[in-house]
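Below are the chains, spelled out letter by letter.
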Amino acid sequence: MRANNPSPVPLPKPIDAQLFDYASMEIARAIACLSWRGARLHEGVHQARKSLRRTRATIALGMPALGPGANLIDRQLRRVNRSLSKLRDSQALITSLDHLLDRKADDHEAVSALRRMRRTAARARAERACAMLSKDPQLQRRRALLTTLLAALTALQWNAISTINVHTALQRSRLRASVAGTKAHSSGDDESWHDWRRSARRLSQQLRALGNAASDPVETDKRGKRLAILLGEAQDHAMLREQCGRKSPFTKTDRHVLRALADNGIARLHARIARMSGLAQ
């Protein structure tokens, strides 16, 4: 009998092809997610913004080798992402309130306040969605722009990217995240923590784009992803605290409840993040 030949092992893609394919896939995913309708609109916006950030993180790995066109594409991706941020913030507020409702299910006073705030937030979310869709029905204008940017990716100088370029960019991202973490821990202000979250997320996204091409095994560890997730949760609590000012749509009594919950959550998460990142004293 003839022995079965083993299936050939696929060769790894060159790093330039890997990054191009990944960036293209994420923009295509963003376009698809922005076509979601009805109740899926808000999740579609959330997923699209994640894909746009991943695309920008991938492009950053190839700069400056990709050429001047990369900066133009990056700016346009950032513009689209920012144009969706207010609608996403409306949804993030409701999601954060839902998480608190789950955590405080046995606290009847807190639950009552959180339910009132959620109803108010849901009305504001609906109004914001209607306003956006009235100016850009079915988000067609944004999807058309992303389709153009997807085509423009092919014009960048992907074949000029080298492994040295990529890992230099990765080291730059790692240093930026480390500096931001030290600053956030020492200052304690929300903006510094937000900067840390953005830089940690960018590093995590770049490692995701590289996959096995990341040379250092430590880089592929899930610790960085967990850190980015915790920083995101801390940012959600900071956002809740921002809803407690005088311009808040919530009543004074409910704001007091929300601020206490947000402050407790921030303190808990900051302590956990400090331990994970080795910054705890």
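Every chain is numbered on its own, with residues counted from 1 as its sequence reads. Under the rules for a predicted model, residues below a pLDDT of 70 receive no local features and side-chain atom pairs below 80 are neither given nor counted, while totals for whole chains, interfaces and linings still include all residues. For the side-chain quantities, the full set of heavy atoms in the structure was used; hydrogens and water were omitted.

Before going further, it helps to examine the pattern of salt bridges. Between Lys or Arg on one side and Asp or Glu on the other, a salt bridge is scored when a side-chain nitrogen of the former is within 4 Å of a carboxyl oxygen of the latter. Counted according to the given criterion, the structure contains ten salt bridges. With a closest N to O distance of 3.6 Å, Arg54 and Glu26 form a salt bridge. Linking Arg54 in helix 2 (residues 41-62) with Glu26 in helix 1 (residues 15-33), this pair joins segments that are 28 residues apart in sequence. The partner of Arg198 in a salt bridge is Asp195, and the shortest N-O contact between them spans 2.1 Å. For helices the rule is a DSSP run of H or I covering at least 4 residues; for strands it is a run of E covering at least 2, with both sets numbered from the N terminus onward.

Moving on to the packing of helix 1 against helix 8 (residues 190-210). Here, axes are lines fitted to C-alpha atoms. For helices the fit covers the stretch in contact, and angles between N-to-C directions go from 0 to 180 degrees. Between helix 1 and helix 8, the least distance of the axes is 9 Å, while the angle of their chain directions is 115 degrees. For the pair helix 1 and helix 8, contact is made by Ile15, Gln18, Leu19 and Tyr22 and by Arg208, Ala209 and Leu210, respectively. Gly is placed with the polar residues, together with every amino acid not listed as nonpolar (Ala, Val, Leu, Ile, Met, Phe, Trp, Tyr, Cys and Pro) or charged (Asp, Glu, Lys and Arg). Tallied by class, the residues present in the contact of helix 1 with helix 8 amount to five nonpolar, one polar and one charged. Contact between two residues is taken to exist if any of their heavy atoms lie within 4.5 Å; hydrogens are not considered.

So, about the packing of aromatic side chains. Two rings from Phe, Tyr or Trp (for Trp, the six-membered ring) form a pair when their centres sit within 6.5 Å of each other. Planes less than 30 degrees apart are called stacked, planes more than 60 degrees apart edge-to-face, and all others tilted. Scanning the model with the defined rule gives two aromatic pairs in all. Between the aromatic rings of Phe20 and Trp158, the centroid separation amounts to 5.5 Å while the plane-to-plane angle is 65 degrees, which identifies the pairing as edge-to-face. A residue pair is termed long-range when its members are at least 10 positions apart, and Phe20 in helix 1 and Trp158 in the loop between helix 6 (140-152) and helix 7 (163-187) qualify at 138 residues. Judged by centre distance (5.2 Å) and plane angle (50 degrees), the ring pair of Trp193 and Trp196 falls under tilted. Linking Trp193 with Trp196, this pair stays in helix 8, spanning three residues, or about one helical turn. A residue is classified by how much of its surface remains accessible, and Trp193, at 7% relative accessible area, is buried. Burial here depends on accessible area, computed with a 1.4 Å probe over protein chains only, as a share of the maximum for the residue type. Under 20% is buried, over 50% is exposed, and the range in between is partly exposed.

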